[in-house]
Amino acid sequence: MPLLLTSSSLPTLPRPLAAPSRARVRVAASAAASAPDGAGAAATGFPSFLPPAVEHIRDGAAIRLAKRIERVPVQTGFSGSPILSSCVRPLKQQEDAEPIVLLHGFDSSCLEWRYTYPLLEEAGHEAWAVDILGWGFSDLATRPPCDVASKREHLYQFWKAYIKRPMVLVGPSLGAAVAIDFSTKYPEAVSKLIFIGASVYTESPKEMNRMPKFVSYAGVFILKSLPLRFLATSLAFNKTPNEFFDWVQIGRLHCLLPWWEDATVDFMIRGGYNVLKKIKQVKHKCLIVWGEDDGIISSKLAYRLHQELPDATLRLVRQCGHIPHVEKPKEAAKLVLEFLERDKVEKTDRASSVTTVLGNI
């Protein structure tokens, strides 16, 4: 699960149910074959590039998804060599169907989707869980820039290399800002948008880029600490889960990679996401999902977002906090599947109407 802080709620720093389609499919390459860094599965079944602490996780869904994480090369214009980028790829790619691409929140990873991803896959959809550049489990040993522009280009190049078709882009929390920023720059890469507890109405503190780096690193050290992670996890849910400690460990796992501090500081001092002016530029059909009891971002903002997006549907999840896809995965998956199925039916009806009109001419 994510550390539930947005780009503007960083720690205060001292100043200085659809049936499977009959689409043609092609089997995705195996994780071992697509690990150009030579990182195959360890004896435990986990990819060897994951921090050793992954072996202490007890959550079965997290274990299963972690074993499917792989790194694939993504060539960008800001890095001389390809970035080995972490993701969970579908077992089968459906060339005639829209892929669902799952982002994550601020300072999180693809493991945020451990409960909902299998439900989408079981419903017959092609689902990808992609780590945003700078977070997750990508190999950032070369320390590429991790600012907004770099995150945007990295996602585009990932899409261009591996997905290649308009996608249903799903952004929870700060991932919603990532999705809005991306879709307004590359509208051809997106077919629909889904936002979950969207963090899109906050602005990054302007003084962040003027702070000495050692202050930023001190803040990041706090961000990584167990006490803050415990606090963030407790605020995230309407009801404290029995698996509380395990969920904290899962949400913190990517922070144990050696480049996490550098990547996070780079993002912070370069300003973070400000997409307020881009919201009304979104032209895609959207679904907004929000937990009624969101203790991180008020559900009142769901209504504001619904009004400002030109073509949006709003669905609230009762007795649920900030991340429905973790706390109420069945409800979250159902809302996503209903949205996609309803859109497919509407497209079929429109096509039928056009055919009828043409037939009467």
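If you're wondering where the values come from, they're calculated on a predicted model, not measured in any experiment.

**Q** Any chance you could explain helix α4 (residues 174–185) here in plain terms?
**A** Between its terminal C-alpha atoms α4 stretches 17 Å, which fits the 16 Å expected from 12 residues at 1.5 Å a residue. Buried residues dominate α4, accounting for 10 of its 12 residues. On its buried face, α4 sits against α3 (148–163), β7 (167–172), β8 (190–196) and α8 (260–269).

**Q** Which parts of the structure should I look at to understand the sheet that holds strand β5 (residues 100–102)?
**A** Adjacent strands of a sheet pair through backbone hydrogen bonds, lying either parallel or antiparallel. The 8 strands lie next to each other as β2-β3-β6-β5-β7-β8-β9-β10, forming an open sheet whose pairing is mixed. Looking at the sheet topology across the chains shown, the edges are occupied by β2 (69–74) and β10 (312–317). Averaged over all neighbouring strand pairs, the angle between strand axes comes to 25 degrees, with direction disregarded. Inspection of the sheet shows strand β3 (residues 83–88) paired to strand β6 (residues 127–130) by 2 bridges, in the antiparallel sense. Within the sheet, the bridge partner assigned to Cys 87 lies in β6 and is Val 130. Sheet strands touched by α4: β7 and β8. Its angle to β7, the strand with the most contacts, is close to 145 degrees. Against the sheet, helix α9 (residues 300–308) contacts β8, β9 (285–291) and β10, and its axis sits at roughly 165 degrees relative to β10.

**Q** It is not clear to me how the nonpolar core should be interpreted in this structure. Could you clarify?
**A** General note: in soluble globular proteins, nonpolar side chains tend to be found buried as a group. Of all hydrophobic cores here, the largest spans 56 residues; its most connected members are Phe 158, Leu 169, Phe 182, Phe 195, Val 200, Leu 305 and Leu 309. Once residues within four sequence positions are removed from consideration, Phe 195 is found in contact with Gly 171, Ala 176, Ala 179, Ile 180, Cys 286, Leu 287, Ile 288, Val 289, Leu 305 and Leu 309. The next biggest cluster of nonpolar side chains, apart from the first, holds 51 residues, and it includes Leu 50, Ala 127, Val 170 and Leu 335.

**Q** Can you help me understand the confidence of the model for the chain in this one?
**A** The predicted coordinates should not be examined in detail at positions where pLDDT is low. On average, residues of the chain carry a pLDDT of 85, and 81% of them reach 70 or more. This model gives residues 1–36 a pLDDT under 50, and the stretch forms 102 contacts once residues within four places in sequence are excluded.

**Q** Would you explain the pattern of salt bridges in this entry?
**A** Throughout the structure, instances matching the rule amount to 12 salt bridges. A salt bridge links Glu 121 to Arg 68, with the nearest nitrogen and oxygen atoms 2.9 Å apart. Residue Glu 121 is located in helix α2 (residues 116–122), and its partner Arg 68 is located in the loop between α1 (60–66) and β2; the two are separated by 53 residues in the primary sequence. It is possible to trace a salt-bridge network through shared partners that takes in Arg 152, Asp 181 and Lys 278.

**Q** Please clarify how helix α7 (residues 244–252) should be interpreted in this entry.
**A** The periodicity of an α-helix, 3.6 residues per turn, causes residues three or four positions apart to be oriented the same way. Taking burial as the measure, the 9 residues of α7 include 7 buried ones, the bulk of the element. Every buried residue of α7 is listed here: Phe 244, Asp 246, Trp 247, Val 248, Ile 250, Gly 251 and Arg 252.

What counts and what doesn't
- Here the residue index of a chain counts from 1 through its sequence in written order.
- For this predicted model, a pLDDT threshold of at least 70 governs which residues receive local features, and a threshold of 80 or more governs which side-chain atom pairs are given and counted, while totals over whole chains, interfaces and linings are taken from all residues.
- Derived side-chain values reflect all non-hydrogen atoms in the structure, with water molecules and hydrogen atoms excluded from consideration.
- Secondary structure elements follow DSSP: runs of H or I no shorter than four residues count as helices, runs of E no shorter than two count as strands, and numbering proceeds from the N terminus.
- A helix is expected to span 1.5 Å multiplied by its residue count minus one.
- We call a residue buried when its accessible area falls under 20% of the maximum for its residue type, exposed when it is over 50%, and partly exposed in between, using a 1.4 Å probe and counting protein chains only.
- Any pair of residues with heavy atoms lying within 4.5 Å of one another is described as a contacting pair.
- At least two bridges found by DSSP between two strands are what make those strands a pair.
- Fitted lines through C-alpha atoms serve as axes, helices being fitted only where they are in contact, and the angles separating the N-to-C directions of these axes extend from 0 to 180 degrees.
- What is meant by a nonpolar core is a set of buried Ala, Val, Leu, Ile, Met, Phe, Trp, Tyr and Cys residues, joined one to another through side-chain atoms within 4.5 Å.
- Scored between 0 and 100, pLDDT is the confidence that the predictor attaches to each residue.
- Salt bridge, as used here, is a side-chain nitrogen of Lys or Arg placed within 4 Å of a carboxyl oxygen of Asp or Glu.

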